[in-house]
Amino acid sequence: MNGTFRSLKNHNYRLWASGAIVSNVGTWMQRTAQDWLVLAQLTHRNATAVGVVMALQFGPQLLLMPLTGWAADTFDRRKLLMLTQGAQGLLALLLGLLTVLGHVQLWQVYVFAGLLGCVTAFDAPARQTFVSELVGENDLSNAVALNSTSFNAARMIGPAAAGLLIASVGTGWVFLLNALSFVTVLVSLARLRVGELHRQARSGKRGGGLLEGFRYVWSRPDLKAMLLMVFLIGTFGLNFPIFISTMAVSVFHMGAGQYGVLSSVMAVGSVMGALLSARREKPRAALLVGGSAFFGGGLALAALLPNVWLFGAALVIVGMAAQTFNTTANSSMQLSTDPAMRGRVVAILMAVIMGGTPLGAPIVGWVADTLGPRWALGVGALAGVLAALVGLLYLVRSRHLRLSLEDGRLRVKAAGD
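Residues numbered from 1 in each chain as written. Predicted model: local features only at pLDDT ≥ 70, side-chain atom pairs only at ≥ 80, totals over all residues. Heavy atoms only, no water.

Taking an unreviewed UniProt entry as the reference, the protein is identified by name as MFS transporter belonging to Deinococcus irradiatisoli. In its Subcellular location (unreviewed entry) section, the UniProt record describing the protein reads: "Cell membrane". (UniProt positions renumbered as here; feature names shortened; annotations may be inferred.)

Structure below.
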C-alpha cells in the first residue's frame, strides 16, 4: 500500500473510514435534497431562503464554539461522537417523515437546520481531533486528507443520487435514507479496538478552559493568519449550495436530476485535491496561498462561462483548490497545536469555516437574487483573492517567503516548509 493510503494500514482507521463513507454519502444526499426542497418546492427559487437555512445550520458553530472545543478536549471523543451521530440520524428521520407525509413547511426546515447546527457544532471538533487518536501524530496529515477524500468522494455520489431520488420518489425519502446511513457510523464506533487508540492528554473540566483556546490562538501569528484566510473563504466562498443551485435553476434552467449531477461534478476536483494532499508528508504554508488564489480564479472563471459544460469544468478547478486549501489549513493547525489544546483550536477553525456562513450566505443569496448568480460567484472569487493576499503578506513578513528554481521548476517556499 503506497504512501497516499498509508493510514488504511491501521485497523481502527479502516473501520472508521468504512462507516464514514456511507454516512458521508447520506449527508450529501440530504444537503442536496434540503436545498432543492427550499429552492424549488417550498419557495419560488428564493436563494435568500437557502441562505437562511445555511445560516441556521452553520451558525451554532460560531455561537457554541467555546463549549464545543472544550467538550472535545475534555470528554471521551468516541462516546461523544456516538451521541452526536445518533442525534443527527434522529433529526434526519423526523424531517424525512414530515416531508413524506406532506406536512413539511419552510419554518420547520428552519427549525431542523438550527437543531442540526447545534449537534454538528459538537460533532465537528470531536470528529476532526478523533483522527489523531485513530492513527497517531505521524500519520495525522495523511488521515486528515483521506477523510477529506472520503467526504468528497461521497459528494460525487450523494448529490447525483439525491437528484435521481427526488425526481423518482420524492425529497422525503432522501432524508430517510440519510437517517439510515448513520447506523454504519455507530456500528464502526462501537467495534473499534479501544485499547489501540492513541489516547491524548485531556484538559481539566474547569470553566477557565473555555477561554484558553482564544488566548492560545491570539498568541500565535501563524494561526491568526490562517484563521483570517479561512474566514474570508468560508464566509463568502464556500457557499456552493447557493452558487450551484441558482446557476442550475436560473441560468441553465436545469431540473433536479441535472442539478444533482452538477453538484457531483465539483466533487471530482475535491477528490483530486484531497488525494494530492494525502501524498504529501506534511502540509506546506505556501499551499494555502496557492489554494486560495486558484479558488478565487476558478470562481471568477465559472462566473464568466457561457454554458453548463464549461461551468462544470470550472467547478472541478474550484473543488481541487478548495480542498487543497481546507486540508492544508486543517492539518497545519492540528500539527502545530499542543495536543491538550487541539480540540479548542479545531473548534475555532470549524466555527470560522462554518460559523461564517450566517454572515456570508444571506449576503451571497441576496446578491444572487438581486444582481444574478454570476455576481454571487464574483463575491466568492474576490474572497479567494483577498485570502491569498493575507497569506502572502504573512509569509513575506514572518516566514521569509522566497522563490527558488528546482529541477527547472519555479517553487515558492517559506521557512519551515
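Draft legend 1. Summary view of the domain arrangement of the protein. Under the domain assignment, the protein is made up of domain 1 (1-191) and domain 2 (220-398). Look at where the C-alpha atoms of domain 1 and domain 2 centre, and you get two points 19 Å apart. Listed by partner, the interface residues are 51 residues for domain 1 and 57 residues for domain 2. Roughly 4,300 Å² of surface becomes buried between domain 1 and domain 2 when both sides are summed, with 68% attributable to carbon and sulfur atoms. Scanning the region where domain 1 abuts domain 2 turns up one salt bridge. Put simply, Arg344 and Asp73 hold a salt bridge, and the shortest N to O gap is 2.8 Å. Summed over the shared surface of domain 1 and domain 2, the number is six residue pairs in polar contact (both at pLDDT 80 or more). Mapped onto the side of domain 1 that touches domain 2, the elements with two or more residues apiece are α1 (11-42), α2 (47-63), α3 (65-74), α5 (106-135) and α6 (140-168). Ranked by residues supplied to the side of domain 1 that touches domain 2, first place goes to α6 with 18 residues. (Domains from an automatic or database assignment. Contact = heavy atoms within 4.5 Å. Buried area = accessible area lost by both parts, 1.4 Å probe. Salt bridge = Lys/Arg side-chain N within 4 Å of Asp/Glu carboxyl O. Polar contact = N/O pair within 3.5 Å; in protein donor to acceptor, adjacent residues only side chain to side chain. Helix = DSSP H or I, 4+ residues; strand = E, 2+ residues; numbered from the N terminus.)

Draft legend 2. Fine view of the pattern of salt bridges. Under the defined criterion, the tally for this structure stands at seven salt bridges. Residue Asp73 pairs with Arg77 through a salt bridge whose shortest N-O separation is 3.4 Å. Of the residues examined, Arg77 reaches a relative accessible area of 0% and is grouped as buried. In this structure, Arg77 and Glu133 form a salt bridge, with 3.2 Å as the shortest nitrogen-oxygen distance. With Arg77 in helix α4 (residues 77-100) and Glu133 in helix α5, this residue pair connects regions lying 56 residues apart in the sequence. Among the ionic contacts, a cluster of salt bridges with common partners joins Asp73, Arg77, Glu133 and Arg344. (Buried < 20%, exposed > 50% of the residue type's maximum accessible area, 1.4 Å probe, protein only.)

Draft legend 3. Seen up close, the environment of Arg6. You can see Arg6 is positioned in the segment before α1. Assessed through its relative accessible area of 18%, Arg6 is described here as buried. Residues Arg6 and Ala293, spaced 287 residues apart in sequence, show a C-alpha to C-alpha distance of 30 Å. Of note is the side chain of Arg6, whose polar atom sits 3.3 Å from the side chain of Asp139.

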